[in-house]
Amino acid sequence: MNRFVIFLLSGIFLCCAANAQDISISASVDNARISLDQQTTLRITISGNIAQIPHPQIPQLPDFNVYSSGQSQSISIVNGKISSSVTFNFVLVPRKVGKFTIPAFSLQFGGKVYTTSPIEIEVVQGQVQPSPPAPSQPSPQAGAQLFVTGSVDKKTAYVNEQITYSFKFYRCVNLLSNPQYKPPDFTGFWVEDLPPQRTYYENLDGQRYFVVEVKTALFPTAPGEYTIGSASLVCNVEDFSPSSIFDDDFFRSFFSRGKTQTLTTQPIHIKVLPLPAQGKPQNFAGTVGKYTISAVLDKNTVEANQPVTLKVTISGRGNIKTISQPGIEELKGFRKYETITSTNISKENYIVQGSKTFTTMLVPQAPGQFIIPAIQTTYFDPEARAYRTILTSPITLNVKPGTGPAPEMSSLFTPKGVKFLGKDIRYLKTSSRFTRISGPLYEKPWFITFQILPLIILLITWFYSLHYRRLATDISYARLHRAYRNAERTLKGIRSNDPSICACTISEALTNYIADKLGLAAAGLTSQIIETELSKAGIDAETLKEVLGIIERCNFVRYAPASTSVEEIRPVYEKAKAVIMKLEKMMKIKKQ
Amino acid sequence: MKKVIPATLFVLLISLACAQTPQEIFLQANRQYEAGAYEGAISAYENLIRQGWESASLYYNLGNAYFKSGKTGLAILNYERAKILNPRDEDIKFNLEYARASAIQEEEKAKNPIREFFTGIYNLLSVEELTIVFTLLYFSLILAVCISFFFKSGILRLLKTALGILVAVSGLWWAAKIHNVSQPYAIVVKPDCSIRSGPGMEYTAGYLIPEGKKVLILRVKDSWYEVGLKEEGLKGWTEVDKLEKIRNY
């Protein structure tokens, strides 16, 4: 910053027409004696009868922090003669205690060197003084040129009772710019601005002040002790330091620089009382003030299923925005829709007042005469220190039977979207098929059992399919499987009366069966092979003997057909049948 | 089975004695409704149910009668029952939505088209219908598999795959439906049902739920239900008589 300023100012010389030109330079500080925590403003003013004023060279100031605070310029042309003046402002913040000299500033212009006289500044050890930018006391003081006050109309109030905070700004000097008001910290209060601000003159200790008053309504939100913090006002006033060389009224108002001042008020303590518990009504919802209630219907006669609007208005003094909806009883025979609230607040005489309207749409469902009962609400009157209940008068509504179909409501009333207000439920079903009430099908035991059935079928089919496939592919398996059936079929197929043919068939059936069972070729099967193979297969000697006996007998009949009759063949046939059955059983047992 | 036959006989005898078929009672109740005698219609419909008859139309008409006489909670209960039996019916859906909107007055939810689509499909068949559809598909699949043990063909394989997918889809659908239907849902049938933190009047009432609200019964203790509100994520206890279960068997 320091370097920047020097860079800005040093070495910039502007040459202008140099004939009959005259300039002057001066330097001043607004306060030659400051404490370490204060600051002083260094003002360098260059004026002359030229249009372009050169910039001065400022020397190093090791004992101060230097901040530029801008420059101002004024140019006037009188009778063709130009005169201008430039003021450079620097804020000097001391670094240490002691006496310092700000050396002379020099300005080279038109071959001449202009210098200022050195300035002495004394920096003393920090004194107990208000913060640097606020040299004036914040408290009201007679004789002060400007001060602010903060006050409240009451320091003790009930919860939600209005407290009016007034901020007053007194001044008897001109302001250079609009003051900036920073309201205090209103934590714990519901804040309501009370415009407009009032301006008037007031005489105080013989001094006539111009007063600006700003009011704010406060509603405490909970009982307890609260502090309204300091309000502050930043303003720019004329400077009256007599250090300028143009030390008369005219130049003072013309060239003097404004001074920034911050004014603050004292904090205020507020005691907020809780609302008395004694006599507190059941439906009390925290409304404090003084109110009246009224209820009105938009029409007194309506057709069924057509809407009517019930407006309940609570008006009076108090925190209108926090008024809660009065309890409207459930109205029988009506369909009730969302309540819309609207508030209307005026701040006349700096008292928050107005009305809150609760608009409810009702749709009567059936014709008849209805009475909307009294609607009541309660509030606490802080002046009387008592709870009050206010009532509306009951309203009578005549509902005529509806004629046309109920219209659909406009979306005006329910901002969230159209609802089927005027519609009705759909009509009855006129026919039906009835079933007995019983548990659902899937819970019935027979149904669950039924679901398992296909799985069993599947399993059986699978096993069967395995067998089926083997029969088709495995010849020995197929022969084994079909041996008994084939033998039985062959035996049953005997129709002939010729004993030799019969014997031949019986023998064939038996040998074929044995061949199939043992997986041998039937053609070359002799009694001997049968004997060895069957005994190998574990058939006992008795059965073996029987088998061989039958074959032998058959062969005998075949070669000597004349000696036997058909009747003699029959027992052989029976025997063969029995033997095959016996063998089948034996083989099965063996297999297992 | 032994018990069912005498019971059926008994009911048959009674209905013979009264000489009124359920259809006749139903039509009579409808006439009462038309005349505006909702209470009479309600008792007639309820009587039919007590006799052991049910149908979607019966529950629907009973719901209408309850709605007209201002008992929105019971109306919603009966519409829900009707919807289980016939989830495709537009009238039932409409009246259920309508009764819900007027009772609960909740904000209309933004409709999600994808969700709507799937809900529509889900509601295409009732649980009983699905039971039959699934069973038929399942049997056909088994049959196809059995045949395929003996004959091989491309068509058969295709049929098997198609049936397999259908059985899987319908099975899932069916299971979801059964799960949904057998959840112990109940409807609040009394106005302003206060939900307490425990089963007893000494517990503090946490919140009120409006008549007609669908809640899930989590537990039963003495004459108290512990209920859960899924969407709101709330839980609490209320008296048994404040609720009516949707599944009445």
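Nothing here was measured: the structure is a model prediction, and the numbers come from that model. (Residues numbered from 1 in each chain as written. Chains lettered and ligands numbered in written order. Predicted model: local features only at pLDDT ≥ 70, side-chain atom pairs only at ≥ 80, totals over all residues.)

### Concerning the overall build of chain A
And then number 1: Along its length, chain A carries eight helices and 29 strands.
And then number 2: Evaluated residue by residue, chain A yields a buried proportion of 25% over its 592 residues.
And then number 3: A fraction of 71% describes how many contacts in chain A between residues 6 or more apart in sequence connect residues 24 or more apart. (Helix = DSSP H or I, 4+ residues; strand = E, 2+ residues; numbered from the N terminus. Buried ≥ 20, exposed ≤ 12 C-beta atoms within 10 Å, placed from the backbone. Contact = placed C-beta atoms within 7 Å.)

### Describing the overall build of chain B
And then number 1: If you tally the helices and strands in chain B, you get nine helices and eight strands.
And then number 2: Within chain B, the fraction of its 249 residues that count as buried is 31%.
And then number 3: In chain B, the proportion of contacts linking residues at least 24 apart, taken out of those at least 6 apart, comes to 54%.

### What about the nonpolar core?
Residues and elements named next belong to chain A.
And then number 1: Within the largest apolar cluster, 49 residues are counted, with the highest numbers of intra-cluster contacts made by Val148, Leu218, Ile270, Leu310, Val312, Leu362 and Leu397.
And then number 2: When residues of this core are sorted by domain, at least three fall in each of domain 2 (146–272) and domain 3 (289–400).
And then number 3: With residues up to four places along the chain from it excluded, the contact list for leucine 310 reads Ala295, Leu297, Thr360, Leu362 and Ile372. (Core = buried A, V, L, I, M, F, W, Y, C linked by C-beta atoms within 7 Å. Domains from an automatic or database assignment.)

### Thoughts on the interface of chain A and chain B
And then number 1: Opposite the 27 residues of chain A that make contact, chain B presents 35 residues.
And then number 2: Going through the elements one at a time, strand E29 (435–436) and helix H3 (445–473) of chain A are the ones with two or more residues in the side of chain A that touches chain B.
And then number 3: Taken together, the residues of the side of chain A that touches chain B sort by class into 13 nonpolar, seven polar and seven charged. (Nonpolar A, V, L, I, M, F, W, Y, C, P; charged D, E, K, R; others polar.)

### Looking at the packing of helix H4 (residues 475–492) of chain A against helix H5 (residues 499–518) of chain A
Residue and element names in this part refer to chain A.
And then number 1: Where H4 meets H5, the closest approach of the two axes is 8 Å, and the angle between their N-to-C directions is 175°. Accordingly, the angle class assigned to the pair H4 and H5 is roughly antiparallel. Contacts from Arg479, Leu480, Arg482, Ala483, Tyr484, Asn486, Ala487, Thr490 and Leu491 of H4 reach H5 at Thr505, Ile506, Glu508, Ala509, Asn512, Tyr513, Asp516 and Lys517.
And then number 2: For the contact of H4 with H5, the per-class residue count stands at eight nonpolar, four polar and five charged. (Axes fitted to C-alpha atoms, helices over the stretch in contact; angles between N-to-C directions. Parallel < 35°, antiparallel > 145°, perpendicular 65-115°, else oblique.)

### A look at the sheet that holds strand E21 (residues 301–303) of chain A
All names here are of chain A.
And then number 1: Pairing within the open sheet is mixed, and its three strands lie in the order E21-E28-E25. One side of each edge strand has no neighbouring strand; the edge strands of this open sheet are E21 and strand E25 (368–372). Across the sheet, the axes of successive neighbouring strands diverge by a mean angle of 30°, strand direction being ignored.
And then number 2: Sheet analysis places E21 next to strand E28 (residues 395–400), joined by three bridges and oriented parallel. Its bridge partner being in E28, threonine 301 is matched across the sheet by asparagine 398. (Pairing = 2+ DSSP bridges.)

### Overview of the packing of helix H6 (residues 527–536) of chain A against helix H7 (residues 541–559) of chain A
Residue and element names in this part refer to chain A.
And then number 1: Interhelical geometry of H6 versus H7 gives an angle of 160° and a closest axis separation of 10 Å. Comparing their axes, H7 and H6 come out roughly antiparallel. In the packing of H6 onto H7, the handedness of the crossing is right-handed. Between H6, through Ser527, Ile530, Glu531, Leu534 and Ser535, and H7, the contact on the second element is made entirely by Leu544, Val547, Leu548 and Ile551.
And then number 2: The residue makeup of the contact of H6 with H7, split by class, is six nonpolar, two polar and one charged. (Left-handed = near helix turned anticlockwise from the far one by under 90°.)

### Some details on the pairing of strand E19 (residues 268–273) of chain A
All names here are of chain A.
And then number 1: Bridging between strand E11 (residues 156–158) and E19 involves three bridges; their strand directions are parallel. Directly across from alanine 157, in E19, lies its bridge partner valine 272.
And then number 2: Here strand E16 (residues 224–228) runs beside E19; their pairing, made up of five bridges, is antiparallel. Each residue of the ladder has a partner; that of glycine 224, found in E19, is valine 272.

### As for the sheet that holds strand E10 (residues 146–152) of chain A
All names here are of chain A.
And then number 1: The four strands lie next to each other as E10-E12-E15-E14, forming an open sheet whose pairing is antiparallel. The open sheet terminates on both sides in strands that have one partner only, identified here as E10 and strand E14 (189–204). Going across the sheet, the axis of each strand differs from the next one's by a mean of 15°, ignoring polarity.

### Quick look at the pairing of strand E23 (residues 334–346) of chain A
Residue and element names in this part refer to chain A.
And then number 1: For E23 and strand E24 (residues 353–364), the ladder comprises 11 bridges, and the chain directions are antiparallel. Pairing of isoleucine 340 across the sheet is with threonine 359, part of E24.
And then number 2: The hairpin formed by E23 and E24 contains six residues between the paired strands, and asparagine 349 there has a positive phi angle of roughly 55°.

### What about the confidence of the model for chain A?
Residues and elements named next belong to chain A.
And then number 1: Looking at chain A as a whole, the pLDDT averages 76, with 82% of positions reaching at least 70.
And then number 2: Within chain A, H3 carries the highest mean pLDDT (90), whereas helix H1 (residues 2–9) carries the lowest (46).
And then number 3: Counting contacts from residues 404–421, a segment whose pLDDT is below 50, to residues more than four positions away or on other chains yields 25 contacts. (pLDDT = per-residue confidence, 0-100.)

### Regarding unusual backbone geometry
Residue and element names in this part refer to chain A.
And then number 1: Phi angles above zero are rare outside glycine, and asparagine 160 is one such case at about 70°.
And then number 2: Looking at where asparagine 160 falls in the secondary structure, it is placed in the loop between E11 and strand E12 (163–171).
And then number 3: Despite not being glycine, arginine 385 shows a phi value in the positive range, around 55°.
And then number 4: Mapping arginine 385 onto the fold places it in the loop between strand E26 (376–381) and strand E27 (386–391).

### Some remarks on H5(A)
All names here are of chain A.
And then number 1: Over its 20 residues, H5 extends 28 Å from the first C-alpha to the last, a length consistent with the 28 Å expected when each residue adds 1.5 Å.
And then number 2: When you tally the buried positions in H5, you get 14 out of 20 residues, the bulk of the element.
And then number 3: Of the residues flanking the end of H5, it is glycine 519, one or two places downstream, whose phi is positive at about 75°. (Expected span 1.5 Å × (residues − 1).)

### Observations regarding the environment of Gln207(A)
Residues and elements named next belong to chain A.
And then number 1: With respect to the secondary-structure elements, glutamine 207 resides in strand E15 (residues 207–220).
And then number 2: Overall, the presence of 13 C-beta atoms within 10 Å leaves glutamine 207 in the partly exposed class.
And then number 3: For the pair glutamine 207 and arginine 171, spaced 36 residues apart in the sequence, the C-alpha separation amounts to 9.8 Å.

### Quick word on the environment of Gly224(A)
Residues and elements named next belong to chain A.
And then number 1: With respect to the helices and strands, the residue glycine 224 is situated in strand E16.
And then number 2: Residue classification places glycine 224 among the partly exposed positions, given that 13 C-beta atoms sit within 10 Å.
And then number 3: The sequence separation of glycine 224 and valine 272 amounts to 48 residues, and the corresponding C-alpha distance is 5.1 Å.

### Some words on helix H8 (residues 127–150) of chain B
Residue and element names in this part refer to chain B.
And then number 1: Helix length check: H8 (24 residues) gives 35 Å between terminal C-alpha atoms against 34 Å at 1.5 Å per residue, within 8%.
And then number 2: Where H8 is concerned, the buried positions are Val127, Leu130, Thr131, Phe134, Leu137 and Leu141.
And then number 3: In this fold, the buried residues of H8 make contact with helix H5 (72–85) and helix H9 (154–182).

### Notes on the environment of Thr396(A)
Residues and elements named next belong to chain A.
And then number 1: With respect to the helices, strands and loops of the structure, threonine 396 is situated in strand E28.
And then number 2: Overall, the presence of 11 C-beta atoms within 10 Å leaves threonine 396 in the exposed class.
And then number 3: The spatial distance from the C-alpha of threonine 396 to the C-alpha of glutamine 369 is 7.1 Å, given a sequence separation of 27 residues.
And then number 4: Aside from chain neighbours lying at most four places away, what touches threonine 396 is Asn300, Gln369 and Ile371.

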